[in-house]
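The residues making up each chain are set out below.
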Amino acid sequence: ASFVSPPIALRLVCEAPCMHVSVPKGVKLVAAAFVAATALRNRIRAFRARGSQRIKTSMAAFEEISSLAALRPGKAERESSEKNCLTKPKSTEKFVVKTLALVVHGVKSRESKGVGELKKIRAECEKRGITVTEHLTLHEGHCETLVRELDVTGVDAIAVMGGDGTLREAVSAFQGRPKDEHRVCFAFPCGTGNNFARDLGLKTISDVFGAVDRGTAHPVDCVKVTHPGGVTYSVNCVTWGMARDAAATAEGMRWLGPVRYDLAGFYHIMKGKTNHAKLAASDDINKPAYAKGEHKDYMMMFAQNTRCSGRGFTFTPSAKLDDGKFDLVAVHKRGTFKTVGLFDQVKAGGAHVEDDACCYVQCHSAALAAEDTDDLVGIDGEVHVKTPITIECVAGAFTTLV
């Protein structure tokens, strides 16, 4: 390992030839140690290059963003919020699905797990007398094209067999169609994260068919991100800084399984990259946020429509899907051990929001402008765009089954 440069070391892990097969635990541990050592060596070299000059970071409590006071929900409040992700009354009128347009993730449908999931969806629809038309995606972004161009005449609902990314594409397609062409839209949780469905308590295909049987259709929000390349919608999370970088690294290490999130997080903690940006937020729908002032050094920022992102990590524990707002957490730079502790708190049900290194707010809009023009913002773990960006909540953007 001492003869391999740090960038190549990480690339070896991300692009290993065994990424599509079952990996023994021992190999995973060796890979973890290898990447961790690489990150540590990166950190030491950067420290030496600065001539042992310490980075000065403000240790003051992070209590507000643009005059929005930080929320500090305690354990009882966080646990209560987990039980219900909705704020508005549910409709008492039963919505019946008789015809369903099903968008099937092309790659997942060819995997053994996906074949079984699709077989179960077909069987459950047949049992209920639901007529299904299937539409197979051929590439990334194809779901959005399929839903945008779909003839919805006689279609009661549109479902996607996939995760948050596939659902995001379907929801994005609706934003460009007239309201009378919108249809109830929901996801069978067959993706990697499935965080939107998780918030609704729909963790399995059987859970989703339970929602179909209940027939409760409910309007929910999404998030609109405006960036130099145009507009992208999000149903899950918008991330920047270490949160985005770690998620992107984890995406390249899928062969390691769920442990990749922990490994990627540790790698970027040790790497200690600086993230300078202007950040603003507003809870006034008539006064959009505008990023101004000086650039500050943050560890990361994530704006979420859902409570969880990644592998079910509770980054924004009080988030609701229909409150006309999104939740935003920004974190000031802290030392290595403090940062590791914060990530442990995230995995322990979102206790990080009680820490004064974090500022947790709920807002209608936010704005971010990174000092480094090459810095990227991640949207639902799949789309990556440059700053400056503005983030806005689109209240009641689509209707789903709850």
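Everything that follows concerns the structure shown earlier in this document.
Let me sum up the structure you'll find in this document.

Calculation notes
Residues numbered from 1 in each chain as written. Predicted model: local features only at pLDDT ≥ 70, side-chain atom pairs only at ≥ 80, totals over all residues. Heavy atoms only, no water. Helix = DSSP H or I, 4+ residues; strand = E, 2+ residues; numbered from the N terminus. Buried < 20%, exposed > 50% of the residue type's maximum accessible area, 1.4 Å probe, protein only. Contact = heavy atoms within 4.5 Å. Areas by Shrake-Rupley, 256 points an atom, 1.4 Å probe, with all protein chains shown as cover. Expected span 1.5 Å × (residues − 1). Arc of directions from axis to C-beta. Pairing = 2+ DSSP bridges. Axes fitted to C-alpha atoms, helices over the stretch in contact; angles between N-to-C directions. Polar contact = N/O pair within 3.5 Å; in protein donor to acceptor, adjacent residues only side chain to side chain. Core = buried A, V, L, I, M, F, W, Y, C linked by side-chain atoms within 4.5 Å. Salt bridge = Lys/Arg side-chain N within 4 Å of Asp/Glu carboxyl O. Parallel < 35°, antiparallel > 145°, perpendicular 65-115°, else oblique. Left-handed = near helix turned anticlockwise from the far one by under 90°. Nonpolar A, V, L, I, M, F, W, Y, C, P; charged D, E, K, R; others polar.

## Focus: the overall build of the protein
- The helix and strand tally for the protein stands at 11 helices and 19 strands.
- Looking at the protein residue by residue over its 402 residues, the buried ones come to 51%.
- If you take every contact in the protein between residues at least 6 apart in sequence, the share linking residues at least 24 apart comes to 78%.
- Entry remark: accessible area of the protein is about 18700 Å², with carbon and sulfur atoms responsible for 54%.

## Digging into helix α4 (residues 112-127)
- With 16 residues, α4 should cover 22 Å at 1.5 Å per step; its first-to-last C-alpha distance of 23 Å lies within 8% of that length.
- All of the buried residues in α4 are Gly114, Glu117, Leu118, Ile121, Glu124 and Cys125. What you see down the axis of α4 is that its buried residues fit within an arc of 130 degrees, all on one side. Turned more than 90 degrees off the buried face of α4, the exposed positions are Ser112, Lys119, Glu126 and Lys127.
- Against β3 (99-104), β4 (131-136), β5 (157-162), β6 (184-189) and α8 (205-214) lie the buried residues of α4.
- Of the residues one or two after α4, Gly129 is the one with positive phi, at around 75 degrees.

## Details of the sheet that holds β5
- The parallel open sheet is built from four strands, whose spatial order is β4-β3-β5-β6. In this open sheet, the two strands that pair with only one neighbour each are β4 and β6. Going from strand to strand, the sheet's axes swing by 25 degrees on average, the running direction of each strand aside.
- Of the pairings in the sheet, the one linking β3 to β4 comprises six bridges and is parallel in character. Bridge assignment links Val103 to a residue of β4, and that residue is His135.

## Re the side chain of His218
- Position of His218 relative to the elements: it lies in strand β7 (residues 217-227).
- A polar side-chain atom of His218 sits 2.8 Å from a polar atom in the side chain of Asp322.
- Contacts of His218, omitting those with residues within four sequence positions, involve Leu86, Lys88, Pro89, Lys90, Asp322, Phe398, Thr399, Thr400 and Val402.

## A short note on unusual backbone geometry
- With omega at 5 degrees, the peptide bond leading from Thr387 into Pro388 counts as cis.
- On the secondary structure map, Pro388 appears in the loop between β18 (383-386) and β19 (389-401).
- Not every positive phi belongs to a glycine, and Asp380 is a case in point at roughly 55 degrees.

## Things to note about the environment of Gly191
- Tracing the backbone shows Gly191 in the loop between β6 and α7 (195-199).
- The class of Gly191 is buried, set by a relative accessible area of 18%.
- Separated by 25 residues in the primary sequence, Gly191 and Thr166 place their C-alpha atoms 8.3 Å from one another.
- Once residues within four sequence positions are removed from consideration, Gly191 is found in contact with Lys108, Gly162 and Gly163.

## Structural notes on the pairing of strand β10 (residues 275-282)
- Extensive coverage of β10 is indicated by the burial of six of its eight residues.
- Bridge count between β10 and strand β11 (residues 296-304): three bridges; the pairing is antiparallel. In the sheet register, His276 faces β11, and the bridge partner there is Asp297.
- Across six bridges, β10 lies against strand β16 (residues 365-370) in antiparallel orientation. The partner of Lys278 across the bridge, within β16, is Ala369.

## Things to note about the nonpolar core
- Counting residues in hydrophobic clusters, the biggest one holds 52 residues, and the most contacted among them are Ile158, Phe186 and Phe188.
- Sequence-distant contacts of Phe188, that is, excluding residues within four places in its chain, are made with Leu102, Ile121, Ala159, Val160, Met161, Gly162, Ile205, Val208 and Phe209.
- Counting 30 residues, the second largest nonpolar core, distinct from the first, contains Ala70, Val361, Ile389 and Cys393.

## Let's talk about the pattern of salt bridges
- Scanning the model with the defined rule gives 18 salt bridges in all.
- A salt bridge links Arg177 to Glu181, with the shortest nitrogen-to-oxygen separation between them at 2.9 Å.
- One continuous salt-bridge network, built from bridges that share partners, spans Glu124, Lys127, Arg128 and Asp213.

## Notes on the packing of helix α10 (residues 259-271) against helix α11 (residues 336-347)
- In the contact formed by α10 and α11, the axes pass within 10 Å of each other and the chain directions differ by 155 degrees. Between α10 and α11, the angle is such that the two are roughly antiparallel. Crossing of α10 over α11 shows right-handed handedness. Facing α10, whose interface residues are Asp262, Ile269 and Met270, α11 presents Thr336, Thr339, Val340, Phe343 and Lys347.
- By residue class, the composition of the contact of α10 with α11 is four nonpolar, two polar and two charged.

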